[in-house]
Amino acid sequence: MVASQVSRGRVCRVLVPSGVLGSGCPEEAMARGERLSPDCIAVDGGSTDSGPYYLGAGRSKMTRPATKRDLRQLMLARDRLGVPLLVGSCGTSGTDAGVDWMAEIAAEIAAEEGLTARVALVYSELSAEALRAPLAAGTITPLAPAGPLDAATLGSCDHIVGLLGYEPLAKAIGEGADIVLSGRTTDTAVLAAVPLMRGLPAGPSWHAAKTAECGGLCTTHSRRGGVMLSIDDHGFDIEPLHIDNQCTPFSVSAHLLYENADPFRLKEPGVTLDATSATYRALDERCVRVEGSVAEPNGYTMKLEGAGPAGFRTMVFSAIADPRVLARIGIWLANVELHLRGGIREVLGVADDAYRLELRPYGWNALDPRPAPAPPPPLEVGLMTLVTADTQELATEIAKYCNPVLLHFPLDPNDPLPSFAFPFSPAEVELGAQYEFRLNHVIALDDPLTLARFRWLNLGAEAPDAAA
Amino acid sequence: MPRLDEIADYVRSKNAGPFWVTIDIFCGDADRFDRLRETAALSPEAIGAIYGVDPGKVLRFDAPLINVIKISFPRPIAQGGAGDVDSHAGQMFVALLSAEIG
């Protein structure tokens, strides 16, 4: 008997197959998870982790085939088990289009597999227009390090989403959803929804969810699939789905450090999880017991995320291995930049403030925030020349002007014409539209359901209401 | 004086949302944890000077249970913003490795 099956009274088991839908869970891990009789299957479908493009452009980071593969696995398991399946932050950024994209994939799978299911779609995309009244009323406030929000910033976002808490998901399941596909949702709310709606205490529920939000990252072998959470009235147990994987007190407690600014106090909609006094105990070689975390109720706030356009980029990548140049690479780079900026102004007639030029010498100090390092010189430098402008055409025009300079710029003016290494022809690589995150704010809500919108689908043509 | 990477077992960094970066220093044992938690090289002022951030905004957390020192601060450039060279902040810790531990 695995330790998590020791009787602890009321228990709610959450099967977390992976950290994000589309990253895959090995079949043997999933099969073992099913045998542990979960009360629900819950997985996150997105994040801001990969940068502002996905929200700004409203595109998914995970591919459609990978997403469909994982969703098929989970829908089939859900059907066999007869338990709810929750997928949060559909389509990476959780826009309305991301939810619809996931719903379309779910419908295809249902048709292909002959499944029936009642599906709740929960949307949380917001328009700048809808947020103007709360902004004027003062209910939108900044999170550090942001300043106060203004209407112009709201209007400059291509997409704005609010992060759903667990309540709209619980409502959908309470009303008979077999599958909940939600827009942007906190990773933890997706995992904590069923335990919380069944009345399990908030401290263990949120702490368990926080620990499992990245799937197997809290285990010793993060590529062997996700974990099973067993939440009870006093704490929770966590074990990997895969038999050849382990959770240890170190792997589980260390996960609270991961990509959290504060490892002890974690803000969720309506509560702050305080894990300061949590204890971590090995129940056996692969299962850990966690107790002692508490959740303090706060005023209910919904975090807002927004991204807007930030110009277009074109890149040129060139490389230098000449030891004579590399011995004085800092001077060479400064002279190249000076020459380029002068030429862009005088030859192209482009004003200094109409573009952004960056020379990033990879292998030298492209990543180092400090001044250039002392010798020895690098063996090779890969030089990324990055141009940002209001249009792709202008960015590329400037990059094309840079091309011959980057190819031939001498260290000393009297040097016979040198040439450097270009890996591509054409040398210019158009990177397309760029986006930036514009919001780091929360909106205070009287009711957690206020900004959630619901739509229902009955999958399975023959018995549209059979699973309701 | 020894460098941070000559004392700590493992150091890593990661974005914590689009606007923050967090550095985890896995000290290895209680002795090294105690030594590193006292050093001026990991003070808010020292961190601020390396990364160009206001020391008043540098947060510090000590996790004695796992001998980890955690340092979090607002990113000088938001994730994906103009001039950002490390979207996930995954290599930002490297500038700290050579800090001399007194």
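Values in this document were obtained by computation on a predicted structure and should not be read as measured data. (Residues numbered from 1 in each chain as written. Chains lettered and ligands numbered in written order. Predicted model: local features only at pLDDT ≥ 70, side-chain atom pairs only at ≥ 80, totals over all residues. Heavy atoms only, no water.)

Caption draft 1: Main features of the interface of chain B and chain A. Every contact between the two is made by 33 residues of chain B and, on the other side, 33 residues of chain A. Our enumeration of links across chain B and chain A arrives at two salt bridges. Residue K14 of chain B pairs with D49 of chain A through a salt bridge whose shortest N-O separation is 2.6 Å. Inspection of the chain B/chain A interface yields 12 residue pairs in polar contact (both at pLDDT 80 or more). Split by residue class, the side of chain B that touches chain A holds 16 nonpolar, 11 polar and six charged. (Contact = heavy atoms within 4.5 Å. Salt bridge = Lys/Arg side-chain N within 4 Å of Asp/Glu carboxyl O. Polar contact = N/O pair within 3.5 Å; in protein donor to acceptor, adjacent residues only side chain to side chain. Nonpolar A, V, L, I, M, F, W, Y, C, P; charged D, E, K, R; others polar.)

Caption draft 2: The layout of surface pockets, seen in detail. The calculated volume of the second largest pocket comes to roughly 630 Å³. Residue lining of the second largest pocket: 27 residues in total, with A366, L367, D368 and P369 of chain A together with V85 of chain B positioned closest to the centre. For the lining of the second largest pocket, the elements supplying multiple residues, two or more each, are strand 17 (355-362) of chain A together with helix 4 (94-97) of chain B. With six residues, strand 17 of chain A is the single largest residue contributor to the lining of the second largest pocket. Taken together, the residues of the lining of the second largest pocket sort by class into 15 nonpolar, four polar and eight charged. (1 Å grid on protein atoms, 1.4 Å probe; cavity = no way out; pocket = protein on both sides within 12 Å on 5 of 7 lines; lining within 4 Å. Points joined across faces, edges and corners; volume = space filled by probe spheres on them. Helix = DSSP H or I, 4+ residues; strand = E, 2+ residues; numbered from the N terminus.)

Caption draft 3: A look at the pairing of strand 10 (residues 235-240) of chain A. All names here are of chain A. Where burial is concerned, most of strand 10 is hidden: six out of the six residues are buried. Burial along strand 10 is two-sided: G235, D237 and E239 facing one way and F236, I238 and P240 facing the other are all buried. Looking at chain direction, strand 9 (residues 227-232) and strand 10 are connected through five bridges and run antiparallel. Residue pairing for strand 10: L229 is matched across the bridge by I238. In this antiparallel pair of consecutive strands, strand 9 and strand 10, the connection spans two residues. Sheet topology note: the strand 10/strand 14 (residues 288-291) ladder contains four bridges and is antiparallel. Residue pairing in the sheet places F236 in a bridge with V290 of strand 14. (Buried < 20%, exposed > 50% of the residue type's maximum accessible area, 1.4 Å probe, protein only. Pairing = 2+ DSSP bridges.)

Caption draft 4: Spotlight on the environment of D29 of chain B. Residue and element names in this part refer to chain B. Among the secondary structure elements, D29 is positioned in the loop between strand 2 (20-26) and helix 2 (30-38). Under the relative-accessibility criterion, D29 is labelled partly exposed at 29%. A C-alpha to C-alpha distance of 8.9 Å links D29 and D9, two positions 20 residues apart in sequence. At 3.2 Å, the side chain of D29 and the backbone nitrogen of D31 are in polar contact.

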